[in-house]
Amino acid sequence: MSTDEHPPAHARLSVIGRSAGRARPCPFDMCDGTGFVVDEQTNTASDCPCRAGRIARVRAAQLEGRIPRRYQGVSFERPPVSDIARTAPDQIQSIRRYLRTIEQNLDSGRGLWIAGDVGTGKTTLAMLVSKGALDAGRSVAIYSLPRLLNLLRESLASESGMLDFMDRLTAVDLLHLDDLGAENQTEWVLEQLYSIVNARYEAQRAIVATTNLMPDALAEHLGPRTVSRLVEICGDPIPLYGCDRRLEHRPEFPQQSEHALLGASDLRP
Ligand SMILES: Nc1ncnc2c1ncn2[C@@H]1O[C@H](COP(=O)(O)OP(=O)(O)OP(=O)(O)O)[C@@H](O)[C@H]1O
Ligand SMILES: [Mg+2]
């Protein structure tokens, strides 16, 4: 069975964003939204200046651009972000500042990253940024790093698959990489990660990232060349330390009630 009949998962995924599924009007007012300017006298067609942008959007539309369900309602006005604002107001200010000028930030390839302990709200804040970019009509690809690497491995199955996937990862307006440093390290993984970060660095494209490691530790983990580029794209990481908030939200299961503390013999009639 050919890969054309069953495209790999990375090629099947859909994106949300203003442009998905609709032809947009030509921003230059030169074509009818097709990306081609037709000269009716000579009956020839040439590329419209808007065509490059159209191609980039179509490529990005095949990446994962959906805010995961848990983070869909994320907002400054609601917990947990309003709770985080009480203990980490400067960090929330940094995110607000970035979002205020999101268009310029994305156009100039400026990103941000958040580093800190497990369960402190890093992914939540990064999702605010991705949501802001989507709301601004930009294309966003959201991946946890281990998943992205799995999809890259899968894309190797077809000849052009991997290059194509890499191209799409470079073309998207914002690449959201969650859990940097949580991947299993191999030479291949480090190389791929470097390729992704370097391609975006060269194309001046923004990255938003989260990690449990500060830059020095991350450089040991991922290599200094990757981290040096990330620092230039994202600046200094926004620190978010503290206790694991997931522990406060864990459900109380019946087993934890006093009945569960009874031994098996106490349950016999
Ligand atoms: N300051 C906070 N106050 C209340 N709840 C919070 C706070 N920070 C995070 N949470 C809640 O804790 C959980 C973990 O948040 P999140 O996934 O953003 O953490 P994280 O820092 O990305 O964790 P990890 O390092 O494990 O990826 C979520 O359920 C979130 O709603
Ligand atoms: Mg996280």
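Residues numbered from 1 in each chain as written. Chains lettered and ligands numbered in written order. Predicted model: local features only at pLDDT ≥ 70, side-chain atom pairs only at ≥ 80, totals over all residues. Heavy atoms only, no water.

*Asks:* Talk me through the site of ligand 1; I want residue IDs and the actual numbers.
*Replies:* Taken together, 17 residues form the shell around ligand 1, and within it Tyr-71, Gly-119, Lys-122, Thr-123 and Thr-124 come nearest. Arg-245 is positioned such that a nitrogen or oxygen atom in its side chain is 3.4 Å from a nitrogen atom of ligand 1. In the complex, 90% of the free accessible area of ligand 1, which totals 640 Å², lies under the protein chains. Of all the cavities here, the one that holds ligand 1 is the largest pocket. Those elements giving two or more residues to the shell around ligand 1 turn out to be α3 (81–87) and α6 (122–135). No other element matches the 3 residues that α6 contributes to the shell around ligand 1. When grouped by side-chain class, the residues that make up the shell around ligand 1 number 4 nonpolar, 7 polar and 6 charged. (Near = heavy atom within 4 Å. Polar contact = N/O pair within 3.5 Å; in protein donor to acceptor, adjacent residues only side chain to side chain. Areas by Shrake-Rupley, 256 points an atom, 1.4 Å probe, with all protein chains shown as cover. 1 Å grid on protein atoms, 1.4 Å probe; cavity = no way out; pocket = protein on both sides within 12 Å on 5 of 7 lines; lining within 4 Å. Sits in = over half its atoms within 2 Å of the grid points. Helix = DSSP H or I, 4+ residues; strand = E, 2+ residues; numbered from the N terminus. Nonpolar A, V, L, I, M, F, W, Y, C, P; charged D, E, K, R; others polar.)

*Asks:* How would you summarise α6 if you had to cite specific residues and measurements?
*Replies:* The terminal C-alpha atoms of α6 lie 20 Å apart, and with 14 residues this matches the ideal 20 Å at 1.5 Å per residue to within 8%. Where burial is concerned, most of α6 is hidden: 12 out of the 14 residues are buried. Lys-122, Thr-123, Thr-124, Leu-125, Ala-126, Met-127, Leu-128, Val-129, Ser-130, Gly-132, Ala-133 and Leu-134 are the residues of α6 that are buried. Phi for Gly-137, located one or two positions after α6, is positive at around 85°. (Expected span 1.5 Å × (residues − 1). Buried < 20%, exposed > 50% of the residue type's maximum accessible area, 1.4 Å probe, protein only.)

*Asks:* How would you summarise the pattern of salt bridges if you had to cite specific residues and measurements?
*Replies:* Under the definition given, this model contains 7 salt bridges. Note that Asp-47 is salt-bridged to Arg-51, the shortest N-O span being 3.3 Å. Note on Asp-47: relative accessible area 51%, which makes it exposed. Between Arg-168 and Asp-164 there is a salt bridge whose closest N-O contact spans 2.7 Å. (Salt bridge = Lys/Arg side-chain N within 4 Å of Asp/Glu carboxyl O.)

*Asks:* Pulling in residues and values, what's your account of the sheet that holds strand β7 (residues 238–240)?
*Replies:* Taken in spatial order, the 5 strands of this open sheet run β4-β5-β6-β3-β7, and their pairing is parallel. Pairing within the sheet leaves two strands with one partner each, and these edge strands are β4 (140–144) and β7. Pairs of neighbouring strands in the sheet enclose a mean axial angle of 15°, with direction left out of account. The sheet contact formed by strand β3 (residues 112–116) and β7 spans 3 bridges and is parallel. Bridging from a neighbouring strand, Ile-114 pairs with Ile-238 of β7. The sheet strands contacting helix α4 (residues 89–100) are β3, β6 (206–211) and β7, and the helix crosses β7 at an angle near 140°. (Pairing = 2+ DSSP bridges. Axes fitted to C-alpha atoms, helices over the stretch in contact; angles between N-to-C directions. Contact = heavy atoms within 4.5 Å.)

*Asks:* Lay out the side chain of Thr-226 in plain terms, naming residues and giving numbers.
*Replies:* Examined against the element boundaries, Thr-226 turns out to sit in helix α11 (residues 224–234). Dropping the residues within four chain positions of it, Thr-226 is found in contact with Leu-193, Tyr-194 and Val-197.

*Asks:* Run through the packing of helix α7 (residues 145–155) against helix α8 (residues 161–171), naming residues and quoting values.
*Replies:* Where α7 meets α8, the closest approach of the two axes is 7 Å, and the angle between their N-to-C directions is 140°. Of the possible angle classes, the one that applies to α7 and α8 is oblique. Here Leu-148, Leu-151, Leu-152 and Ser-155 of α7 lie close against α8, whose contacting residues are Gly-161, Met-162, Phe-165, Met-166 and Leu-169. Classifying every residue of the contact of α7 with α8 gives 7 nonpolar, 2 polar and no charged. (Parallel < 35°, antiparallel > 145°, perpendicular 65-115°, else oblique.)

*Asks:* Tell me about helix α9 (residues 187–202), and name the residues and values.
*Replies:* A rise of 1.5 Å per residue sets the reference length of α9, with its 16 residues, at 22 Å; its end C-alpha atoms lie 22 Å apart and thus fit the reference within 8%. Of all the residues in α9, the buried ones are Val-189, Gln-192, Leu-193, Tyr-194, Ile-196, Val-197, Asn-198 and Arg-200. On its buried face, α9 is in contact with α7, α8, β5 (174–180), β6, α10 (215–222) and α11. Looking one or two residues past α9, Gln-204 carries a phi angle of roughly 50°, positive in sign.

*Asks:* Hey, could you go over unusual backbone geometry for me, with residue numbers and the actual values?
*Replies:* A negative phi angle characterises most non-glycine residues, just as the trans form characterises most peptide bonds. Looking along the chain, the bond that leaves Pro-79 and enters Pro-80 is cis, with omega of 5°. Here Pro-80 lies in the loop between α2 (51–60) and α3. Of note in this structure, Asn-43 is not a glycine but carries a positive phi near 55°. Turning to its location among the elements, Asn-43 is positioned in the loop between β1 (36–39) and β2 (44–47). Note on Asn-43: relative accessible area 66%, which makes it exposed. Phi is positive for Asp-179, close to 65°, though the residue is something other than glycine. Within the secondary structure layout, Asp-179 lies in strand β5.

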